[in-house]
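One-letter residues, chain by chain:
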Amino acid sequence: MIPEDPEETQPLLEPPGGSAPRGRRVFLAAFAATLGPLSFGFALGYSSPAIPSLQRAAPPAPRLDDEAASWFGAIVTLGAAAGGVLGGWLVDRAGRKLSLLLCSVPFVTGFAVITAAQDVWMLLGGRLLTGLACGVASLVAPVYISEIAYPAVRGLLGSCVQLMVVIGILLAYLAGWVLEWRWLAVLGCVPPSLMLLLMCFMPETPRFLLTQHRHQEAMAALQFLWGSEQGWEEPPIGAEQGFHLALLWQPGIYKPFVIGVSLMAFQQLSGVNAIMFYAETIFEEAKFKDSSLASIIVGVIQVLFTAVAALIMDRAGRKLLLALSGVVLVFSMSAFGAYFKLTQGSPGNSSHVALSASVSTEPVAASVGLAWLAVGSMCLFVTGGPQALRSLLARLRLLHLQCPFHLVLCP
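How each quantity is defined
Residues numbered from 1 in each chain as written. Predicted model: local features only at pLDDT ≥ 70, side-chain atom pairs only at ≥ 80, totals over all residues. Heavy atoms only, no water. Helix = DSSP H or I, 4+ residues; strand = E, 2+ residues; numbered from the N terminus. Contact = heavy atoms within 4.5 Å. Buried < 20%, exposed > 50% of the residue type's maximum accessible area, 1.4 Å probe, protein only. Arc of directions from axis to C-beta. Bend = angle between axes of the 7 residues up to and from the residue. Salt bridge = Lys/Arg side-chain N within 4 Å of Asp/Glu carboxyl O. Phe/Tyr/Trp six-rings, centres within 6.5 Å; stacked < 30°, edge-to-face > 60°.

Let us now look at the side chain of Thr130. Positionally, Thr130 belongs in helix α5 (residues 120-148). What Thr130 contacts, discounting residues up to four positions off in sequence, is Ala43, Val76, Pro106, Phe107, Gly110 and Phe111.

Structure below.
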């Protein structure tokens, strides 16, 4: 666990006499903001059911070959990388609310382009736009929520960001079970459109307004969100400072910076995004009849364990959870590799059975066992996903307020 400096974790806005705010509109504002992470998760999970659908598409609809399918899944990460940079610039200049409003535009536009796609380039262009929006949303939404929440609910609302990402992935898997790729893209327009509508009625964060010396607007935002505007004070001058490369020479910055970047790099290299992007394709390569159902099972397990991790994180500790995560990831991927090795080159592959097949049927008992080895190892992989990573990086950032952690593509 990383010790917290009381001065640095002290909320910027605190009520007099320690009385806790009781405003409920903060939950509505947080819900509106978490529609961004929900859209983010849907965009990540969209490629899993869409790729098989696009590979089976008949002319004149665009059809993906193996190379185009790889680009269709991966190009969202290029957009997200650009979106992370753009989001870091927008959040301090345009504000948190406007940044969320703006990121809904490439979400809707991207899915609309995919819906109207007549060739592969339109498909890739739409995915690139949704990736750009993912990068902005994954950075801005946690900032907005942390700045509107009062201390009693800050941890609860903050954990909703990660939970909404995996719910968005699961939603894409579930909808992809019954919808083909065009209608799935139409559905993808709904969450960001709803976010755009709701955020129009939500205030800017009081913290941002105070740093812009818009005191009256900040008090009005506090009244709306927390139900009180008595005794709030403007933050001290210099509380918000930009990051400069020269700051990396300070141990209090470069140590958490190196740790945070290393954790993010290893988390991405674990293959978690490849699993999310190509879950259904992976199960089809494993010759499942019920590849869509297998993907949904993986998505459900991920949602459940993300919720469990959020509940036990403060008690178990981020470091312990991340260590256990690494052990589970190694074991699960080893098991999945063993599954492919055992079934390699077998035309009557064991996984050609349906997941719902009865294990009591003698001729297919061993086959079903191997099929469930694949599903089980994938479920174990997402169970061991580093759900504590975002929280740990946030705690590392508290060591110095200028530590530049932009959390992008971390399902």
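With that settled, consider helix α8 (residues 190-199). Of all the residues in α8, the buried ones are Pro191, Pro192, Met195, Leu198 and Met199. Taken around the axis of α8, the buried residues stretch over an arc of 125°, which confines them to a single face. In this structure, the buried side of α8 is in contact with α2 (25-55), α4 (96-115), α5 and α7 (181-188).

Where helix α12 (residues 272-285) bends most, at Tyr278, the angle is about 80°. Counting buried positions along α12 yields 11 of 14 residues, so the element is predominantly enclosed. Among all positions of α12, only Val272, Asn273, Ile275, Met276, Phe277, Tyr278, Ala279, Glu280, Thr281, Ile282 and Phe283 are buried.

Moving on: the environment of Trp121. Tracing the backbone through its elements, the reader meets Trp121 in helix α5. For Trp121, a relative accessible area of 70% translates into the label exposed. For the pair Trp121 and Phe72, spaced 49 residues apart in the sequence, the C-alpha separation amounts to 9.6 Å.

The subject of this paragraph is the pattern of salt bridges. Enumeration according to the criterion identifies 4 salt bridges in this entry. One salt bridge connects Arg96 with Glu147, and the closest N-O pair in it is separated by 2.8 Å. Placement of the pair is Arg96 in helix α4 and Glu147 in helix α5, with a sequence separation of 51 residues. The salt bridge involving Arg207 is made with Glu147; its shortest N-O contact spans 3.9 Å. Separated by 60 residues along the polypeptide, Arg207 in helix α9 (residues 206-211) and Glu147 in helix α5 bring together distant segments of the chain. Given a relative accessible area of 22%, Arg207 falls into the partly exposed group.

A few words now on unusual backbone geometry. Here the amide bond leading from Pro59 into Pro60 is cis, since omega sits at 10°, within 30 degrees of zero. Residues other than glycine seldom take positive phi values, yet His213 does so here, at roughly 60°. Examined against the element boundaries, His213 turns out to sit in the loop between α9 and α10 (215-226).

Attention shifts here to the packing of aromatic side chains. Across all of its chains, the model carries 3 aromatic pairs by this definition. Seen from their ring centres, Phe42 and Phe111 are 5.8 Å apart, and the 75° between their planes marks the pair as edge-to-face. In this pair, Phe42 is assigned in helix α2 and Phe111 in helix α4, connecting sequence segments 69 residues apart. Accessibility classification places Phe42 together with Phe111 in one group, the buried group. Considering the side-chain rings of Tyr46 and Phe111, the 5.8 Å spacing of their centres and the 75° angle between planes classify their relative orientation as edge-to-face.

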